Each structure stands twice: as C-alpha cells, then as structure tokens.
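Here is how the chains run, residue by residue.
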Amino acid sequence: MSHKRIPKRKAAIAVGGVAALGAAAFLLPNANASQTDSDDSTPRTFKAADVPGLSAQLRARLGDTFAGSYYDAAGRRIVVNVVGDDESAMNAVKEAGAVPHQVRNSTGALETAARTLRTDAAIPGTAWSVDPRTNEIRVTADSTVTGAGWDRLESTVEGLGSGMATLKKSEGTFKTFVSGGDAIFGGNARCSLGFNVTAGDGSPAFLTAGHCGVAVDQWADDENGQPIATVDQATFPGEGDFSLVKYDDPATQAPSEVNVGGGKVVAIGKAAEAAVGQQVLRMGSTTGLHDGTVLGLDATVNYPEGTVTGLIQTDVCAEPGDSGGSLFSEDGSAIGLTSGGSGDCDAGGETFFQPVTTALQATGATLGEGGGQATGGGQADDQGGGQAGDQGAGQAGGQAGDQAGDQAGGQAGDQTGGDAQAGGSGLESSRHGQRRGH
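(A) Representation of the environment of Val 260 within the structure. Tracing the backbone shows Val 260 in strand β15 (residues 257-261). Val 260 sits 23 residues away from Met 283 along the chain, and the two C-alpha atoms are 6.6 Å apart.

Here you go:
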C-alpha cells in the first residue's frame, strides 16, 4: 500500500495558510528575517529559533554566571539571565544583541533543586520544569496529590529555600493522552501521528508518543482497517516518551508535512529545539489545531505509569487521542510530540511534549522522506527566502491560506464533507477523503 502526496497546490500553503484556520493569529509574514541594528549595544530582534544557538554561545562564554534564557515574543528579543551584577557578563549579553536580566539563582542551583525534587518528591501526579522567566522551578501537583503526598511535596519545595521554586495545584489529572482520536489505531488505543521520518535503514517511518508504541505493536490509519505500520523502537517511561514506527510497505511516500484539516497541510522542513516564551502550534486528531506558549524545558512528569524526563512544558491544550501529535513552530519546524498533561481544551491546563530533536537522535531517524531535509526552512515545497506559500498558486507572504481553491473560513476542519478533523500526520486526507472529528 502506498500513500500519495497531496498535490503541491494544497501542500504549498506553508505557514501563511495556517493563520486562516483561526488557531494561529500570531503568525507573522516577516517571521523569517532577523533584523539587526547598527549599534551593537542595542537589543536586536530575533526569531524564536535563534534562542538555542545564541544561548549556547553565551553559556560557553559566561560560564557560571549564565542562568538560562527565554524568548520575548512581543518584542522579538532574547532575554539572558545573568547571576549577580557581573558587569562584563552583562556587556557580553548586550554585545550579542540580547537583553541581560540580573537574577539570583544560578543554573547549577536550579539543577540541584530539580534533583532534590526527583529524589524526595517523585509522587505520581506531580511535575516540574525550570522557568527562566521567573528564575525558579515551576512545580505542579494534580488533583490526585492530597494528604500526606501533598504535605511531602510542599515540605520539599519549602526546603529548597526562598525564591527557588513555586508550587501550584492543577484541577486536572496528569495522564497520557492515548485513546479518543482518529488518526492512528491499534487495538483499543487511538493516537496521533507526529511527523513522518526516514529510519536509519532508509525505510519510511513516523514518530509518535512512546506510550502509544509501548501499548500497541501495529497501527492502522482506519479504525477497522488493516495495520500499515509496526513499532520499531519505543521509550516510555524513563528518558523520554517517543516511538519510531515503520511503514510496512517500503514504497510508502511519507511527506514531511502536518495535516491541519480542510485539505490544508504545513510543510515541515527541519527539527528545532524549543525556547521558553516561544509561540507554538499543536495538531492532534481529537482537538485539531491549537496554539500556545512554551513555559519550561527539561520538564519531569510523574505519570501513573512512571516518571518521564526531558520534556517541554506548554500551556497548549490537549485531550485523549492527541497523544503523539505534532508540536511545530511558525517557521515550519518540528518541535515536539504530544506526551500528556492535565485539563482539556475547554478548561485549559498543562501539556507536555517530547522534543523531536531528542527522538531523532535516539532512534537514528531523519526528518522527512529520503533522509533529506526540505528546503526553505520549513516553507512550501520549492519556495525559500522566507516566502510563505506557493507563489504560483496565489498570493502568499502572510496571506491567510490558499484562496484559489477553497475557503477555509477560519475553521480547523473541512465542514463540507462532514465533521472532519485531521490527525497531526502525513497520512494525508487525499487518501481517505474526510476524517471523522470529535
């Protein structure tokens, strides 16, 4: 069985078309160009994708005075935390075009505090991550943490010292988001496909959540259909929540795209690290397209099934069935795979994601088909230079969607053929027509 590529005319909406779906109004047509100022001491404007690289450079230069960084989306600035009042460190940050922020807690102190939480408070229903915006550890307990468990957690947080961590209660329950979707099916489980990749041996494959891969060996793209893919590797719980699933048919075409509903896809050209403060999009088979902000990195979540480390914490909502779905950025970069969290898309909540970069490194896979990377930094098939969309099919560069063929109407699904929600996957709607939604 071979999956067919969606025609370029529909595939080439890139990021500009996502804005028409109503869940990503923050996408900017000039998001691909960093601006610089003639004065080296004046803060420059950056893309969120610039944060990891600049932060790594400054961390190497500043040493122990470096205490994390984050992205100021409103000002398009990179803020770098500096411990104490080291003037030379402050100047180094300014010379790099970033904004220095004097803080109290060092990276080492925060890492030590996180290890203490892991040793003394790894209670099911708890989670924590470092928040560089507050220079503290964000500790969250779900509704199941009560009585002696809550007292133990509260005592541990207080023992870390003043200004080291904050503790809050979540109304929901931390859980993995398996079941309840319609993108990929295995037994009684239902998850979302994250990103199509090429396995180390050159075969077509995809990434999804590890707890999906641990639960079921074979997956189908129809609820009652025959399996089309088999789990090759799966990690959960432990150091991540990801699995590599190989298509059974080696001739399967696995386009590097995210299906966002209504016959629309967003081209994915690369994998990238997340940055705190970055605005992101999530696609899942239950709830469709939603956007939000990265809140913390290197998050630890104590699920009922066990502890998972190294995750991304966000305020993007998700529900059962969204597990494994795509987290991606405004420039078409693959960021994460939906792991779990609490709440829903009515009340909100916290959601955690497996970094794609870690999953690719661990499995030996590469993003996209044929082992290559798409050109144009995640833009449409053959367009680069920061253009958003297919210039042959219509006007892009920030225009909302492909207006030549059909009108999205600001919805994240195609309402003409039924109540359709697309899975966050490369199992494109052109093969199966309309997909069921919830």
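(B) Representation of the packing of aromatic side chains in the model. Across all of its chains, the model carries 3 aromatic pairs by this definition. Between Phe 174 and Phe 352, the ring centres sit 5.8 Å apart and the planes meet at 80 degrees, which makes this aromatic pair edge-to-face. With Phe 174 in the loop between β6 (165-169) and β7 (175-176) and Phe 352 in strand β23 (residues 351-355), this pair connects stretches of sequence that are 178 residues apart. A relative accessible area of 1% means that Phe 174 is categorised as buried. The exposure class assigned to Phe 352 is buried, which follows from its relative accessible area of 0%. With centroids separated by 6.1 Å and ring planes inclined at 45 degrees, the aromatic side chains of Phe 236 and Tyr 303 adopt a geometry described as tilted. Of this pair, Phe 236 sits in the loop between β13 (229-235) and β14 (242-247) while Tyr 303 is found in strand β19 (residues 288-303), placing the two residues 67 residues apart along the sequence. With relative accessibility at 2%, the residue Tyr 303 sits in the buried group.

(C) How the structure looks around the nonpolar core. By size, the foremost hydrophobic cluster in this structure holds 22 residues, and its most contacted members are Phe 195, Val 197, Leu 207 and Phe 328. Counting residues per element, the ones that place at least two in this core are β10 (195-198), β11 (204-208), β14, β15, β18 (279-284), β22 (333-341) and α8 (356-363). With 3 residues, the top contributor of residues to this core is α8. With 18 residues, the next largest nonpolar core counts Val 51, Ala 92, Ala 96 and Ala 275 among its residues.

(D) Structural view of the sheet that holds strand β2 (residues 77-83). Taken in spatial order, the 3 strands make up an open sheet running β1-β2-β3, and their pairing is mixed. Strands with a single pairing partner mark the edges of an open sheet, and in this sheet they are β1 (66-72) and β3 (99-103). Averaged over all pairs of adjacent strands, the angle between their axes in this sheet comes to 25 degrees, without regard to strand direction. As defined by bridge partners, β2 adjoins β3 across 5 bridges and the pair is classed as parallel. For Asn 81, the partnering residue across the bridge sits in β3 and is His 101.

What counts and what doesn't
- Residues numbered from 1 in each chain as written.
- Predicted model: local features only at pLDDT ≥ 70, side-chain atom pairs only at ≥ 80, totals over all residues.
- Heavy atoms only, no water.
- Helix = DSSP H or I, 4+ residues; strand = E, 2+ residues; numbered from the N terminus.
- Phe/Tyr/Trp six-rings, centres within 6.5 Å; stacked < 30°, edge-to-face > 60°.
- Buried < 20%, exposed > 50% of the residue type's maximum accessible area, 1.4 Å probe, protein only.
- Core = buried A, V, L, I, M, F, W, Y, C linked by side-chain atoms within 4.5 Å.
- Pairing = 2+ DSSP bridges.
- Axes fitted to C-alpha atoms, helices over the stretch in contact; angles between N-to-C directions.

No statement about biological role is implied by the geometric values presented.
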